[in-house]
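Structural overview for review
This is what each chain is made of:
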Amino acid sequence: MSQKYAASHWGTFRVETHDDQITLHGLPQDAEPAQIAKGWVSAMTNPNARIARPAFRRGWLEGRDTARSGDAEFVQLGWDEASDIVAQELNRVIETHGNQAIFAGSYGWASAGRFHHAQSQLRRFLNTIGGYTGAKNTYSHAAAEVLLPYITGMPHRVFQDQMTSLDLIADHCELLVCFGGISARTAQIASSGTTQHEVTPFLTKLAANGCKIINISPRGSDMDADLQTDWIAPRPGTDTALILALAHEVFTTGKADRDFLRTYTQGADTFEAYVLGRHDGTPKTAQWAAQICDVPAATIKTLAAQMAASRTMISMAWALQRADHGEHPIWAGLALAAILGQIGKPGTGFGFGYGSTTPVGRARKLMDWPSVPQGKNPVADFIPVARITDMLNDAGASYRYDGQTREYPDAKLVWWSGGNPFHHHQDLQKLDAAWRRPETVIVMDHSWTATARRADIVLPTTGPLERCDIMINRRDDALVFMSAVQPRYEQARDDYDILTDIAARMGTQQAYTQGRTTRDWLVHLWEGCGSVARAQGFDLPDFEAFEDTGLVTVPDAYETRVLMDRFVADPAAHPLKTPSGKIEIDCPRIADMGLANCPARPTWIEPAERLGACDPDCLHLISGQPATRLHAQLDMGDAAQASKIHGREPCALHPRAAERFGLEAGDIVLVENDRGACLAGVTLDDRLRPDCIFMATGAWLDLQDIDGRQICVHGNVNVLTLDKGASDLSQGNIAHTALVKISKWTGPLPALRVTRPPELR
Ligand SMILES: Nc1nc2c(c(=O)[nH]1)N[C@H]1C(S)=C(S)[C@@H](COP(=O)(O)OP(=O)(O)OC[C@H]3O[C@@H](n4cnc5c(=O)[nH]c(N)nc54)[C@H](O)[C@@H]3O)O[C@H]1N2
Ligand SMILES: Nc1nc2c(c(=O)[nH]1)N[C@H]1C(S)=C(S)[C@@H](COP(=O)(O)OP(=O)(O)OC[C@H]3O[C@@H](n4cnc5c(=O)[nH]c(N)nc54)[C@H](O)[C@@H]3O)O[C@H]1N2
Ligand SMILES: [Mo]
């Protein structure tokens, strides 16, 4: 009997159907199927969340007003009329302002399938009609993406591909020092999908092999509680100071690997001079760092001695660089690994993002499977992805990025598909105001997200349970046929079909579809997979057989890697692709940029806000990834809903903090700062710094006017975060840099609006 599978970024599941009800079951080869999946079917069948038919904001449809807000009223139209209006509007904008006025950076995670990938389809379509202004880098790790090529000569993708395999760490490492932990919570996810989750088995094996694990994080729970890890809890955003002090200890105790520094790095001497305080008069001692990080100097000294005496891996969660000056903890961590001389050896050195998603460091052959070609964009302009509000507010204004001085484009039409800026961006009230500036906003999504509610034109798409697709991840050893296991929701259509009809009206249908139906495309992609497989010496079954069996495994996919091993084995034959051919601990190209907020070597720079340099009533907001959903996806499903407190997003506090503010588990709190305010429900966590709170990102934004003040009554943290670039180098977002105050909410609890669709006519 043929087996049906469903796949998403949170994994692959066997689908069973009884009486039209589907249930999802983890695969036998999956050690820990994601709990996120528990909310999948309910979210995708929730009539209060799903968009049923094309909808137009009444104010825009009738008078072209731009007064977008979360409680707009919509008029529903049929698909033909909707497609006509979209095509007319595109023609108008292109004729009046040119294609660069279409902003379709459209950042976001969309769904996992290779064909129905929202951004690929949108960009492919727009490229047939003259192109669009795009966006560069990610919200995940922009600071590292821009920095790593300068200091290692590797694009971030290559760096990630080369990272030392988890298996080698388990076999060879004696001391694993994890900044930001390694957590099964975030390891539920793999961009583009996975058939396995292996972070807990990895950590268990590591511990069984006798490796000592140290979690350096404001949250103890960033590491599995059963692992008996040591926990050092610095103030958030102060890791660079901590690492500088570790470097200071290693230098001054004579334990630096001078041969390694001489052979493989450039600029170690200027870095050492900075660490020793030769020019600024401030040696970066353990006592110095203790004041900033709130970690005892003795702890720092002991850790440095342990690191120098052991086979050590320094692991950093992506979170560390989603912060003000986020380039520097990563740069400092790499520099410290170099000072220890442990880079290029199996299981030690430096790693970035282990556990941040599950396939990072997976010991697998990398397979470059085909995807839908996006075509070529005739418009060259772009913005760094997190500068969206600045772009909308300041067309023509100049800014620095990656060594360039650029100008913000003038976006007249904003088109988002497969992403949710009113989840992912920081300081959402500022975005809310800027969002009213473009003439037109088009959103394609399957659900009434905060972004869809702020669109003029809303085009409802299917979700991955409602269409066939192919799940492939270059780090996974299985290819999965994703079956349509549920009927399409109401009038929802595949992104491809929506765009095909618009392309027909724009005269580019043939260019967009190449005459292929969806099935033709799936077959075409599968044939491309066959060529990739043959080049690797194996065959894939034909499409019908793939469709029938649903899951095909790549043979002999096991393969381990060691970051920079060839370079370390023979630096003359395999230099890094930096100007010096070495790891640039001091980087002349960054020095040449003359950026005050990004010096040319790892440097402690005061962040925009932090604990220890603020009003003592302030708490640090850690707004990491949610355990129960992917960002804002599935927030209206059972798993996320079950986690809410009186329907509000949970806010974890240390019991001492709760006592200090007169709070108990289950209370509603107002979390606020100068940028905004939200409500949340208190939970207690004794494995959290008492001056921090943890609230996951992703609660659907529900801004309401309460006594003259805008409050997100549901608990979206991004009303509290800062909209500022990490530096003029990367312009990455700094979601993890934010201070807040909390107090008990004693007023009546406002009813939620986001749990119902907007007003529809
Ligand atoms: N405070 C704070 N903010 C953060 C972060 C943080 O740590 N803290 N993390 C940041 C990070 S790392 C990221 S990556 C971003 C994530 O931000 P986003 O990727 O924007 O968040 P998602 O909720 O995954 O949005 C994806 C959207 O695609 C839609 N979608 C799904 N399938 C389809 C489809 O087939 N077609 C179409 N058209 N749409 C579809 C979903 O319904 C959803 O609305 O958030 C960032 N924001
Ligand atoms: N369940 C689930 N998993 C996900 C996602 C999801 O939405 N849901 N999203 C995926 C995506 S897109 C991404 S980019 C990754 C992100 O992966 P990460 O960036 O690793 O995840 P975060 O939850 O943002 O942060 C991890 C931990 O870092 C710690 N931390 C925060 N600030 C600091 C600091 O200044 N210093 C130190 N030492 N620690 C700090 C926090 O305690 C936090 O729990 O997660 C992926 N995995
Ligand atoms: Mo991300």
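Notes on the structure follow. (Residues numbered from 1 in each chain as written. Chains lettered and ligands numbered in written order. Predicted model: local features only at pLDDT ≥ 70, side-chain atom pairs only at ≥ 80, totals over all residues. Heavy atoms only, no water.)

What about the layout of surface pockets?
Considered as a void within the structure, the largest pocket measures approximately 1,400 Å³ in volume. Residue lining of the largest pocket: 40 residues in total, with His117, Thr138, Arg157, Ser191 and Ser192 positioned closest to the centre. Of all elements in the fold, only α4 (118-128), β7 (134-136) and α6 (156-162) reach the threshold of two or more residues within the lining of the largest pocket. For the lining of the largest pocket, the element with the highest residue contribution is α6, accounting for four residues. By residue class, the composition of the lining of the largest pocket is eleven nonpolar, 20 polar and nine charged. Split by domain, the residues of the lining of the largest pocket number at least three in each of domain 1 (4-133 + 409-518) and domain 2 (154-361). Considered as a void within the structure, the second largest pocket measures approximately 440 Å³ in volume. (1 Å grid on protein atoms, 1.4 Å probe; cavity = no way out; pocket = protein on both sides within 12 Å on 5 of 7 lines; lining within 4 Å. Points joined across faces, edges and corners; volume = space filled by probe spheres on them. Helix = DSSP H or I, 4+ residues; strand = E, 2+ residues; numbered from the N terminus. Nonpolar A, V, L, I, M, F, W, Y, C, P; charged D, E, K, R; others polar. Domains from an automatic or database assignment.)

Overview of the nonpolar core
Core analysis: the biggest nonpolar cluster contains 168 residues, and Trp10, Leu176, Phe179, Phe271, Met564 and Val671 have the highest contact counts within it. Other than its neighbours up to four places away in sequence, Phe271 contacts Leu244, Ala247, Phe251, Ala335, Ile339, Ile585, Arg601 and Pro602. Of all hydrophobic cores here, the second largest spans 54 residues; its members include Ala82, Ala503, Leu522 and Val552. (Core = buried A, V, L, I, M, F, W, Y, C linked by side-chain atoms within 4.5 Å. Buried < 20%, exposed > 50% of the residue type's maximum accessible area, 1.4 Å probe, protein only. Contact = heavy atoms within 4.5 Å.)

Brief notes about the site of ligand 2
Near ligand 2 there are 31 residues, and of these Asp222, Gly237, Asp239, Arg322 and Pro626 occur at the shortest range. Arg185 places a polar side-chain atom, nitrogen or oxygen, 2.8 Å from an oxygen atom of ligand 2. Gln188 is positioned with one of its side-chain polar atoms (N or O) 3.3 Å from a nitrogen atom of ligand 2. In the complex, the protein chains occlude 98% of the 920 Å² of accessible area that ligand 2 would expose alone. Grouping the amino acids of the shell around ligand 2 by side-chain chemistry returns 13 nonpolar, twelve polar and six charged. When residues of the shell around ligand 2 are assigned to domains, at least three map to each of domain 2 (154-361) and domain 3 (619-760). (Near = heavy atom within 4 Å. Polar contact = N/O pair within 3.5 Å; in protein donor to acceptor, adjacent residues only side chain to side chain. Areas by Shrake-Rupley, 256 points an atom, 1.4 Å probe, with all protein chains shown as cover.)

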